Amino acid sequence: MGLFSFRQELAMDLGTANTIIMKDGKIVLDEPSVVAFDLRTNEVLAIGHEAREMYEKAHAYIRTVRPLRDGVIADFNAAEQMIRGMVKMLNKKSHRLFTPSLRMVVSIPSGSTQVEIRAVHDSSEHAGGRDVYMLFEPMAAAIGIGVDVLAPQGNMIVDIGGGTTEVAVISYGGIATKQSIRTAGDEFTNDIMKYMRQKHNVRIGERTAEQIKIRVGAAVKDLENPPEDFVVCGADQMDTLPRQIPVSSAEIAGCLDESIVKIEAAILKTLEETPPELYGDVMENGINLTGGGALLRGLDRRLTDRFGIQFIVPEDPLHAVAKGTGVALKNLDTFNFLIR
């Protein structure tokens, strides 16, 4: 029947760094949000991991694009081509004879403007979506980690993605207070690139900075079990000769401090605007950290010490938004907070 089904239902976490697609409650695609174009023909050369390999390494006739910046669509055409290409990948895997009609739920930042929401909706429609719903990311993250978002109880989520950090208090199926700031994983990467230039006089690209963040990224300098120093290879800015620099987690914690302070300010502002009864719930339940940024070493401890409220990193925080979007797809009639 899979060859001839007329409708396909997909849940999509359209992220700045990665796009994750869920089907039937399972992750069926997890690819970097990158598209590569041939400038001579304007055709799509690669999408996802293959395009990511070309990023910052291609020649003059190949243009690699990250369609999303700061959590929203920055390049409408590239976003459409990326979504279309990823849906085609799924159809090839399932050996479908034709492209079925799509029902989609797509996650978006809670601070999205009407123009940005429309851009996501239109891109999804042009890529084949016939019935498109949208869901704010902190709500999706809460659903994804098992929070009963329809309950009359306050639950706070801090979702640190690639382009945005979403802070929200959720109750009765709605967002009571929220902050959405464009300081997140990409900003951490930029901080590391800037630090390496200024401190070590070495130029590195985004991919190397991302590796540093994964291998020795930290939010506090005094980790109990710090990782081994990561050796960075780069070109000296003065003479362009190669250099090898060992970088420690304590160094990276120092260079990320300014951005983490901005996230702390967003959390504080959200707490200040939270009604007293919901604030009491948040103190009792703790605050959930989700997204790739939740994996930053020592971040939960730093925030717990800063606010005096327990910060909890759930199992698999990286896929919380995607899983929540998948649950929303199965509960379209129940979740009246979905955006059409």
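Note that this is a predicted model, so its numbers are computed, not measured.

A.B. asks: Outline the pairing of strand S15 (residues 230-236), supporting the account with residue identities and numerical values.
C.D. replies: One ladder, built from 2 bridges, connects strand S14 (residues 202-203) with S15; its direction is antiparallel. Bridge pairing in S15 links Arg203 to Ala235. Between S15 and strand S16 (residues 242-247), which pair antiparallel in sequence order, lie 5 residues; one of them, Thr240, sits at a positive phi of approximately 60 degrees.

A.B. asks: Summarise the environment of Phe307; cite the residues concerned and give the values.
C.D. replies: By secondary structure assignment, the location of Phe307 is in helix H9 (residues 299-307). Residue classification places Phe307 among the buried positions, given a relative accessible area of 15%. Linking Phe307 and Leu268, residues 39 residues apart in sequence, is a C-alpha distance of 8.1 Å. Leaving out residues up to four positions away in the same chain, Phe307 has contacts with Glu264, Ile267, Leu268 and Leu271.

A.B. asks: I'd like a description of the sheet that holds S16, backed by residues and values.
C.D. replies: Spatial ordering of the open sheet is given by S14-S15-S16, a layout of 3 strands whose pairing is antiparallel. At either margin of the open sheet sits one strand with a lone partner, and together these are S14 and S16. Here 6 bridges tie S15 to S16, and the two strands are oriented antiparallel to one another. Bridge pairing in S16 links Ala235 to Pro242. Against the sheet, helix H6 (residues 206-216) makes contact with S15 and S16, and its axis sits at roughly 160 degrees relative to S15, the strand it touches most.

A.B. asks: Tell me about the packing of helix H5 (residues 185-200) against helix H7 (residues 249-273), residues and numbers included.
C.D. replies: As a packed pair, H5 and H7 sit with axes 9 Å apart at the nearest point and diverge in direction by 140 degrees. It follows that H5 is oblique to H7 by the angle criterion. Classified by chirality, the crossing of H7 by H5 is right-handed. Here Glu187, Phe188, Asp191, Ile192, Tyr195 and His200 of H5 lie close against H7, whose contacting residues are Glu251, Ile252, Cys255, Leu256, Ser259, Ile260 and Ile263. Class assignment of the residues belonging to the contact of H5 with H7 gives a composition of 8 nonpolar, 2 polar and 3 charged.

A.B. asks: Could you give an account of the domain arrangement of the chain, with specific residues and numbers?
C.D. replies: Domain annotation of the chain identifies domain 1 (7-141 + 321-330), domain 2 (149-183 + 260-318) and domain 3 (185-255). The straight-line distance from the C-alpha centre of domain 1 to that of domain 2 is 26 Å. Across the boundary between the two partners, domain 1 contributes 15 residues, which contact 18 residues of domain 2. Both faces considered, domain 1 and domain 2 share a buried interface measuring about 1,300 Å² in area, 60% of it formed by carbon and sulfur atoms. Scanning the region where domain 1 abuts domain 2 turns up 2 salt bridges. Notably, a salt bridge pairs Arg182 with Glu116, separated by 3.1 Å at the nearest N-O pair. Applying the counting rule to domain 1 against domain 2 returns 5 residue pairs in polar contact (both at pLDDT 80 or more). At the level of secondary structure, the elements contributing two or more residues to the side of domain 1 that touches domain 2 comprise helix H4 (137-144) and helix H10 (320-330). Per-element accounting of the side of domain 1 that touches domain 2 gives the leading share, 4 residues, to H4. The residue inventory of the side of domain 1 that touches domain 2, partitioned by class, reads 7 nonpolar, 4 polar and 4 charged.

A.B. asks: Report on the packing of aromatic side chains, specifying residues and quantitative values.
C.D. replies: All told, the structure shown has 2 aromatic pairs when counted by the stated rule. An angle of 40 degrees between the planes, with centres 6.0 Å apart, marks the rings of Phe307 and Phe311 as tilted. For the pair Phe307 and Phe311, a shared accessibility class is recorded, and that class is buried. Centre to centre, the rings of Phe335 and Phe337 are 4.9 Å apart; their planes meet at 20 degrees, and the pair counts as stacked. The exposure classification of Phe335 matches that of Phe337, with both residues buried. Residue placement shows Arg306 over the ring face of Phe307; its charged tip is 4.8 Å from the ring centre. When the ring centre of Tyr133 is taken as reference, the NZ or CZ atom of Arg340 above it lies at 4.3 Å.

A.B. asks: How would you summarise the environment of Leu14 if you had to cite specific residues and measurements?
C.D. replies: Checked against the element boundaries, Leu14 lands in strand S1 (residues 7-14). For Leu14, a relative accessible area of 3% corresponds to the buried category. With residues near it in sequence (within four places) discarded, Leu14 still touches Thr19, Leu68, Met82, Ile83, Val106, Ser107 and Val120.

A.B. asks: How would you summarise the pattern of salt bridges if you had to cite specific residues and measurements?
C.D. replies: A complete count under the given rule lists 17 salt bridges for this structure. Residues joined in a network through salt bridges with shared partners are Glu9, Arg103, Asp131 and Arg340.

The rules behind the values
- Residues numbered from 1 in each chain as written.
- Predicted model: local features only at pLDDT ≥ 70, side-chain atom pairs only at ≥ 80, totals over all residues.
- Heavy atoms only, no water.
- Pairing = 2+ DSSP bridges.
- Helix = DSSP H or I, 4+ residues; strand = E, 2+ residues; numbered from the N terminus.
- Buried < 20%, exposed > 50% of the residue type's maximum accessible area, 1.4 Å probe, protein only.
- Contact = heavy atoms within 4.5 Å.
- Axes fitted to C-alpha atoms, helices over the stretch in contact; angles between N-to-C directions.
- Parallel < 35°, antiparallel > 145°, perpendicular 65-115°, else oblique.
- Left-handed = near helix turned anticlockwise from the far one by under 90°.
- Nonpolar A, V, L, I, M, F, W, Y, C, P; charged D, E, K, R; others polar.
- Domains from an automatic or database assignment.
- Buried area = accessible area lost by both parts, 1.4 Å probe.
- Salt bridge = Lys/Arg side-chain N within 4 Å of Asp/Glu carboxyl O.
- Polar contact = N/O pair within 3.5 Å; in protein donor to acceptor, adjacent residues only side chain to side chain.
- Phe/Tyr/Trp six-rings, centres within 6.5 Å; stacked < 30°, edge-to-face > 60°.
- Lys NZ or Arg CZ within 6 Å of the ring centre and 35° of its normal.

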